[in-house]
Amino acid sequence: MNRVGFSSRIGFVAAAAGSAVGLGNIWRFPYETGQHGGAAFLVVYLICIIIIGYPVMVGEISLGRSAQANPYRAYRSLGTKNWGLLGIWGIICGIMFLSAYNVVAGWAFGYFLQISFGDLLSTSDLPGKFGTYIADISDNFFYSLGFMVLTAIIVAGGIKKGIETASKILMPLLFLLLIGLIAYSLTLENAMEGVRFYLIPDFSLINVRTIYSALGQAFFSLSLGMGALITYGSYISKKENIGNSAGMVVFTDTMVAFLAGLMIFPLVFSQGQTPTQGPGLVFVALPGIFAQMGLITGKIVGGAFFLLLCFAALTSTISLLEIPTTYLVDEKRWPRLRVVILSATVIFLVSLPSMLSHGAIDFFTRFLHYEGVDKSFFDLVFDVFSDVGLPLGGFLMMIFINKKWGMKSFDEEMTQGNSNFVTGILKTFLHFMIIWVNPVLLGIMVVVTVLQKFFGIIIF
Ligand code: TRP
């Protein structure tokens, strides 16, 4: 198959890191950490990243490069026709995931515009303002539509021109702004209370929910479990050292999430807010601080922050839209432009209930009741297709590598681009994780998560 691939190694790492670094790091990671015990969650999260996240990422990339195809074709050609269904499941997760993700990207886009040019900057009643803001469908509709259109335009440009260029420029900017905001937030009154919450663990806070939330967060943040990295892996050269590249992606992603936490918690505590408030956390904690900087500075710094948050989200929505796109281009041989328009339209329509889930329509806002609280349609989408769907995809991929593709093929793929692989310690680690630890751990976690989340049955 003649595939136009990434032009260089740094191009692939930048694009994969661009996919990984997104709302998951800056929006979701801090509020998950806040809700599940602060530093204790951070510790569990880091363990998940090392023993599960990294091996799953290496597995996905090596499958993709070996098959040179979209997830469906990859599982089919390296396995059997039925295994192709696992690829389809990944594609469905990708579509549903993006439908909800794009709503939050729309919030970020709206905050960027309203902070830069509008009157969102204020120090009073920020939680209330955020609540009113996301309930207001008239603005949000256009912001998330705008975001989807932007994503579609870049994806229509193809792998090299669009995705690679955007990632290379924007990622370093985000990093710099984060560092600047951390320096600022650490100087505020009570900042150290936030640092303590974030960095000094109280292990008595860990329970099974902490663990499955951390695991779900790891899959969310590293873009695992739905074949996004099978797709990206199919575009890289055989000379690439997969172990190293994946290591760089994991490191970058974890670093950005860690820094986001270090930025947010001092802000939250210095303003006397609670860290457990959930999805509003970033949108509520930051504008107050920007307002305190004075009108002009606040608009500039606040605008820049939400602009970069949009960029981070954009490199992720691109990778998500690329999943159904590569699939349809490969399988149906339709022109890329037509495929992109079709997928983006369908996903946008699917996102409407998620958009209406924040107070606009009561039916979607209180869609179901589980985990002891009312859950919106939007919550349900992330719970099913992210917290459960992604670890499930990872679990089945582990089974696939063990039983179908074989560790021998895995070793061969890894050896291309790293001739020392078979004699090195990395191989020992990856084999141990892929053969023993991950299938068992992921299998247990998926079952436990489903039972506890949806049936209220607590196993341990
Ligand atoms: N990792 C991204 C984030 O943290 C989200 C994302 C993009 C993703 N592509 C993905 C998640 C593919 C799972 C699979 O914001």
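**Focus: the site of the ligand**
By nearness alone, 17 residues border the ligand, and A20, G24, Y101, F220 and S319 come closest of all. Between L23 and the ligand, the recorded distance is 3.1 Å, taken from a backbone N or O atom to an oxygen atom. Here a nitrogen atom of the ligand sits 2.8 Å away from a polar atom, N or O, in the main chain of F220. Listing elements by their share of the shell around the ligand, those giving two or more residues are α1 (9–20), α2 (23–35), α5 (84–117), α10 (208–221) and α14 (295–332). Across the shell around the ligand, the residue classes break down as nine nonpolar, eight polar and no charged.

**What about the nonpolar core?**
Grouped together as the largest cluster of nonpolar side chains are 147 residues, with contacts concentrated most on W27, W107, F305 and F410. At 16 residues, α5 tops the list of elements feeding residues into this core. Every residue in contact with F410, bar those within four places of it in the chain, is listed here: V58, G59, S62, I401, W405, F421, L430, H431 and I434.

**Details of the packing of α5 against helix α13 (residues 281–292)**
Where α5 contacts α13, the axes come no closer than 13 Å and their chain directions differ by 10°. If you check the angle between α5 and α13, you find them roughly parallel. When α5 is examined against α13, the residues V104, W107, A108, Y111 and I115 are found in contact with a partner set consisting of F283, P287 and F290. A breakdown of the residues in the contact of α5 with α13 according to their chemical character gives eight nonpolar, no polar and no charged.

**Brief notes about the environment of T254**
Looking at the secondary structure, you find T254 in helix α12 (residues 242–270). Sequence spacing of T254 and Y45 is 209 residues, and the spatial spacing of their C-alpha atoms is 9.6 Å. If we skip the residues at most four places from it in the chain, T254 touches L46 and I49.

**Side note on the confidence of the model for the protein chain**
Taken residue by residue, the protein chain gives an average pLDDT of 93. The fraction at 70 or more is 97%. Here helix α8 (residues 159–186) stands out as the element of the protein chain with the lowest mean pLDDT, 79, in contrast to helix α17 (residues 377–405), whose mean of 98 is the highest.

**As for unusual backbone geometry**
Of note, N190 is a non-glycine position whose phi angle comes to about 70°, a positive value. The phi dihedral of S223 is positive, around 60°, even though this residue is not glycine. Of note, S223 is situated in the loop between α10 and α11 (228–233).

**Observations regarding the packing of aromatic side chains**
For the structure shown, the criterion picks out 44 aromatic pairs. The interplanar angle of 45° and the centroid separation of 6.4 Å between the aromatic rings of W27 and F382 together place this pair among those described as tilted. Within this pair, whereas W27 is found in helix α2, its partner F382 is found in helix α17, the two being separated by 355 residues in sequence. An angle of 10° between the planes, with centres 6.4 Å apart, marks the rings of F41 and Y45 as stacked. Residue F41 and its partner Y45 are both found in helix α3 (residues 39–67); the two are separated by four residues, about one turn of the helix. Under the relative-accessibility criterion, Y45 is labelled buried at 1%.

Cut-offs used in this document
- Residues numbered from 1 in each chain as written.
- Predicted model: local features only at pLDDT ≥ 70, side-chain atom pairs only at ≥ 80, totals over all residues.
- Heavy atoms only, no water.
- Near = heavy atom within 4 Å.
- Polar contact = N/O pair within 3.5 Å; in protein donor to acceptor, adjacent residues only side chain to side chain.
- Helix = DSSP H or I, 4+ residues; strand = E, 2+ residues; numbered from the N terminus.
- Nonpolar A, V, L, I, M, F, W, Y, C, P; charged D, E, K, R; others polar.
- Core = buried A, V, L, I, M, F, W, Y, C linked by side-chain atoms within 4.5 Å.
- Buried < 20%, exposed > 50% of the residue type's maximum accessible area, 1.4 Å probe, protein only.
- Contact = heavy atoms within 4.5 Å.
- Axes fitted to C-alpha atoms, helices over the stretch in contact; angles between N-to-C directions.
- Parallel < 35°, antiparallel > 145°, perpendicular 65-115°, else oblique.
- pLDDT = per-residue confidence, 0-100.
- Phe/Tyr/Trp six-rings, centres within 6.5 Å; stacked < 30°, edge-to-face > 60°.

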